[in-house]
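Chain residues, written in single-letter form:
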Amino acid sequence: MTSSNDAYPVPATPYRAARSLQGRTILMSGGSRGIGLAIARRAARDGANVVLLAKTGEPHAKLEGTVYSAAEELEAAGGRALPLVGDVRNDDDVARAVDAAVGRFGAIDVVINNASAIDLSPTDAVDMKRYDLMQDINVRGTFLLSKLALPALRESSGGHILTLSPPLNLDPKWAGRHLAYTIAKYGMSLTTLGLAEELRNDGICVNSLWPRTLIDTAAIRNMAGGESMARAARSPEIMADAAHAVLTGAATKAGRSATGNFYTDEQVLAAAGVTDFRPYSLGAAEADLVPDIFL
């Protein structure tokens with residue numbers, strides 16, 4: 001099956017959505033490529049409005065896609081898109097994105113904290129500029145985008161903040177392997193935990209989503225040994241389908257009112273009726289897939 005524009009084929013996946021995101025307005029950090037773009041494209045197929053705040057206004061030397069090419073894909077998939085070049089670390093850029101989303105589409109129904117920096121170096125080796133970058137994008141950026149969108153989310157019927165961050169697994173091995181990155185990702189997850197409780201009576205749901213296995217992205221392929229890791233990964237569409245299930249309420253019996261959860265993609269899709277995950281794999285047997293970290 002393909003979209004109306006053959007340049008952007010719709011992947012065949014086992015997830016069958018019972019509900020739609022049609023007419024909902026999503027504000028996402030990042031999203032010019034990888035998992036973020038897959039999630040945005042899945043929402044666009046429903047007819048959602050998607051606002052992308054990303055730094056990539058010009059083509060990158062090693063990474064495909066810009067915020068503008070991503071917007072073209074979303075429009076071709078059936079949605080409406082607003083591409084904004086900006087930095088989630090910059091207060092003014094984030095405020096401008098919130099204002100632009102409300103100004104163009106009249107609302108913000110969903111915030112997706114997708115932007116994230118990664119460096120798996122141990123403490124001796126990590127550069128402090130990289131440490132600061134991870135803290136600023138992952139933790140501060142997630143907090144800032146969520147914070148500034150709250151007034152609009154309160155006006156929505158069923159506002160939702162979805163953050164791509166792991167469960168708060170306190171097994172010491174994760175902090176011991178890559179402390180700087182673990183601090184940054186767990187900071188995102190603590191934001192989910194805290195906001196879910198803080199906003200419990202405001203009608204805003206707050207959840208996190210994390211892949212059970214590695215996902216094939218440019219970030220993975222650009223790492224040492226990335227090509228072999230990618231072959232033992234799943235496609236970004238599994239996260240796109242899982243995010244769709246969370247945002248439409250197909251993931252739990254609580255439906256769209258579920259909040260304060262740290263989901264994995266498999267858990268969500270199994271609850272939505274998926275029993276065979278092989279279509280998401282890139283050729284490796286299920287037993288040979290590489291588990292993601294923090295699980």
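Structure first, text after, so check above.
**Q** What am I meant to see in unusual backbone geometry here?
**A** Glycine aside, residues mostly have negative phi, and peptide bonds are mostly found in the trans state. Phi at F294 is positive, roughly 80 degrees, even though this residue is not glycine. Mapping F294 onto the fold places it in the segment after α10 (265-271).

**Q** Before we go on, may I ask you to explain the environment of N207 in this structure?
**A** Position of N207 among the secondary structure elements: in strand β6 (residues 204-210). Taking the relative accessible area as the measure of exposure, N207 reaches 0% and is therefore buried. As for N207 and P14, which are separated by 193 residues in sequence, their C-alpha atoms are 23 Å apart. When residues no more than four places from it in sequence are discounted, the contact partners of N207 are H160, I161, L162, T163, T192, V246, A258, T259, G260, N261 and Y263. Separated by 3.0 Å, the side chains of N207 and H160 make a polar contact.

**Q** Would you mind going over the pattern of salt bridges with me for this structure?
**A** Two side chains that carry opposite charge are able to pair once their charged atoms sit near each other. Using the criterion set out here, one finds 15 salt bridges in the structure. A salt bridge links R42 to D241; the nearest nitrogen and oxygen atoms lie 3.6 Å apart. Separated by 199 residues along the polypeptide, R42 in helix α1 (residues 34-45) and D241 in helix α9 (residues 237-248) bring together distant segments of the chain. Assessed through its relative accessible area of 8%, R42 is described here as buried. Residue D241 is classed as buried on the basis of its relative accessible area of 3%. In this structure, the salt-bridge partner of R234 is E266, at a minimum N-O distance of 2.8 Å.

Thresholds, definitions, all that
- Residues numbered from 1 in each chain as written.
- Predicted model: local features only at pLDDT ≥ 70, side-chain atom pairs only at ≥ 80, totals over all residues.
- Heavy atoms only, no water.
- Helix = DSSP H or I, 4+ residues; strand = E, 2+ residues; numbered from the N terminus.
- Buried < 20%, exposed > 50% of the residue type's maximum accessible area, 1.4 Å probe, protein only.
- Contact = heavy atoms within 4.5 Å.
- Polar contact = N/O pair within 3.5 Å; in protein donor to acceptor, adjacent residues only side chain to side chain.
- Salt bridge = Lys/Arg side-chain N within 4 Å of Asp/Glu carboxyl O.

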